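Examination of the molecular architecture
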Amino acid sequence: MHHWGKPVAAFCIAATLALIGARVQAAPTAAAPPPLEARRVSLTSVDSKGGKATALYGVWIKARKSLNSKGPYPTVIALHGCGGLYSMVRDGKGEFTPRHLAMARVLTDAGYNVLFPDSFTPRGRRSTCQDTVAQREISAMNRRFDVQAAMHWVTSQPDVDVKRVALLGWSHGASTLLASINLAETDVAVRKIQPRAAVAFYPDCRPYAKSGEAFKPAAPLLILMGENDDWTPPQACEAIEQKMQGSDTEIALRLYPDTYHDFDAPGLPVHVRMDVAGVGKRGEGVTSGGNPDARSQAYRSMLNFLDAKLNY
């Protein structure tokens, strides 16, 4: 298990955030954005329903203050995928991946606080992508308790508007998001404070796609994924969308052509991964890689969706 010092400066994220932030800006000649106000926070979760208490970490990044907004601010809880939060961890210090850095910049620039819970490092894991489903002790169903811990923490903060909290997740984190908003689960249904919106980047929708499987979202849901995704195929999410037609809760699915898993990862070339267990066609691996156009469209859809649901 890694042990980190108190300041988030230990993550080496200040300079990297500025670098990524500059890339996210529309104008290539724009000045480097100011560093983000980030710190590590402590969360208390459990490892399974009724399990023992588990100490987790989170990275808390505050919204950039606006002249038009004095707070408290809307807040997004962002859930990492099976690759974890960090592009590298060295000497107990982690550095955010470009995807998480870019999202932190986009959301805080738009006026949202962001909490990135770390479900892996405190449990002694960097990544679970290579694990089979049977080997994954940190499952999407178990991680929903991490989400409840994050909800409890953010709603206790003075600069958070408890009526304007959203969930966001990527891949395994997006699958966690689906489990975390499913009112068919008793522990979700009894939660006093529910998110007002949820945004899932390329989740695995298969557990909820079957007609007999109960899925009742606690919040409006936006799903963003590539048409060519062979890691978490979109057909299952399309089945959920069909199943939920006429429901009281909005579900919107956006599919991007010629686009694969991880399409919003800045600078990631399209490549085939042979190290991901239990998915894709046998022996052929799965495809992963960025698509800047799809990423730009998805960010726009995400921001419009969050604005409509949270900034009423």
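Residues numbered from 1 in each chain as written. Predicted model: local features only at pLDDT ≥ 70, side-chain atom pairs only at ≥ 80, totals over all residues. Heavy atoms only, no water.

Digging into the environment of Ala179
Formally: Strands here are runs of E lasting at least two residues and helices are runs of H or I lasting at least four, both read from the DSSP assignment and numbered beginning at the N terminus. We call two residues in contact whenever any of their non-hydrogen atoms come within 4.5 Å of each other.
When you line up the elements, Ala179 lands in helix α4 (residues 172–180). Taking the C-alpha atoms as reference points, Ala179 and Arg143, 36 residues apart in sequence, are found 8.6 Å from one another. Those residues within four positions of Ala179 in sequence are excluded, and the remaining contacts are Ala140, Met141, Arg144, Glu185, Val188 and Tyr208.

Considerations on the side chain of Gln194
Threshold: Polar contacts, as counted here, are pairs of nitrogen or oxygen atoms within 3.5 Å of one another; within protein the pair requires one atom able to donate a hydrogen and one able to accept it, and residues that are adjacent in sequence qualify only if both atoms are side-chain atoms.
Within the secondary structure, Gln194 is located in the loop between α5 (186–189) and β8 (197–201). A polar side-chain atom of Gln194 sits 2.6 Å from a polar atom in the side chain of Arg191. Once you skip the residues sitting within four places of it in the chain, Gln194 turns out to touch Met151, Leu183, Val188, Ala189 and Ala218.

Overview of the packing of helix α3 (residues 140–154) against α4
Put simply, the rule is: In this analysis, axes come from line fits to C-alpha atoms, helices being fitted only over the stretch in contact, and the angle between any two N-to-C directions falls in the range 0 to 180 degrees. When describing relative orientation, an angle under 35 degrees is termed roughly parallel and one over 145 degrees roughly antiparallel, while 65 to 115 degrees is termed roughly perpendicular and anything else oblique. Ten residue types, Ala, Val, Leu, Ile, Met, Phe, Trp, Tyr, Cys and Pro, are classed as nonpolar, four, Asp, Glu, Lys and Arg, as charged, and the remainder, Gly among them, as polar.
Put simply, α3 and α4 touch, their axes get as near as 8 Å, and they point 75 degrees apart. Considering their axes alone, α3 and α4 lie roughly perpendicular with respect to each other. Contacts between α3 and α4 pair Ala140, Met141, Arg143, Arg144 and Val147 from the former with His172, Gly173, Ser175, Thr176, Ala179 and Ser180 from the latter. Counted by class, the contact of α3 with α4 contains 4 nonpolar, 5 polar and 2 charged residues.

Things to note about the packing of aromatic side chains
Here is the rule we go by: In summary, the pairing rule links any two rings of Phe, Tyr or Trp, Trp by its six-membered ring, whose centres are within 6.5 Å, and it sorts them by plane angle into stacked for under 30 degrees, edge-to-face for over 60 and tilted for everything else. Here's how the labels work: a residue is buried when its accessible area is under 20% of the maximum for its type, exposed when over 50%, partly exposed in between, all with a 1.4 Å probe on protein chains only.
One pass over the full model with this rule turns up 9 aromatic pairs. With 6.1 Å between their ring centres and 40 degrees between their planes, Tyr86 and Phe96 make a pair best called tilted. Here Tyr86, found in strand β4 (residues 86–90), pairs with Phe96, found in strand β5 (residues 93–96); they are 10 residues apart in sequence, far enough to count as distant. Assessed through its relative accessible area of 5%, Tyr86 is described here as buried. Measuring from centroid to centroid gives 5.7 Å for Tyr202 and Phe263, while their planes differ by 70 degrees, and the two rings are edge-to-face. Of this pair, Tyr202 sits in the loop between β8 and α6 (206–209) while Phe263 is found in the loop between β10 (251–256) and β11 (271–273), placing the two residues 61 residues apart along the sequence. The same class applies to Tyr202 and to Phe263, which are both buried. Put simply, the rings of Trp170, Phe201, Tyr202, Tyr256 and Phe263 pair up and form one aromatic cluster.

Here's the deal with the pattern of salt bridges
Put simply, the rule is: Here, a salt bridge means any Lys or Arg side-chain nitrogen found within 4 Å of an Asp or Glu carboxyl oxygen.
Following the criterion strictly, the structure yields 13 salt bridges and no others. With its nearest N and O atoms 3.8 Å apart, the salt bridge here joins Arg99 to Asp264. Remark: Asp264 occurs in the loop between β10 and β11 and Arg99 occurs in helix α2 (residues 98–109); sequence separation between them is 165 residues. Residues Arg99 and Asp264 agree in their burial class; the two are buried. We note a salt bridge from Arg144 to Asp187, for which the minimum N-O separation is 2.8 Å. Highlighted residues: Arg144 in helix α3 and Asp187 in helix α5, separated in sequence by 43 residues. According to the relative accessible area criterion, Arg144 is buried, its value standing at 6%. Taking relative accessible area as the criterion, Asp187 reaches 12% and is therefore assigned buried. In the salt-bridge network here, residues are joined through shared partners; they are Asp47, Arg123 and Asp146.

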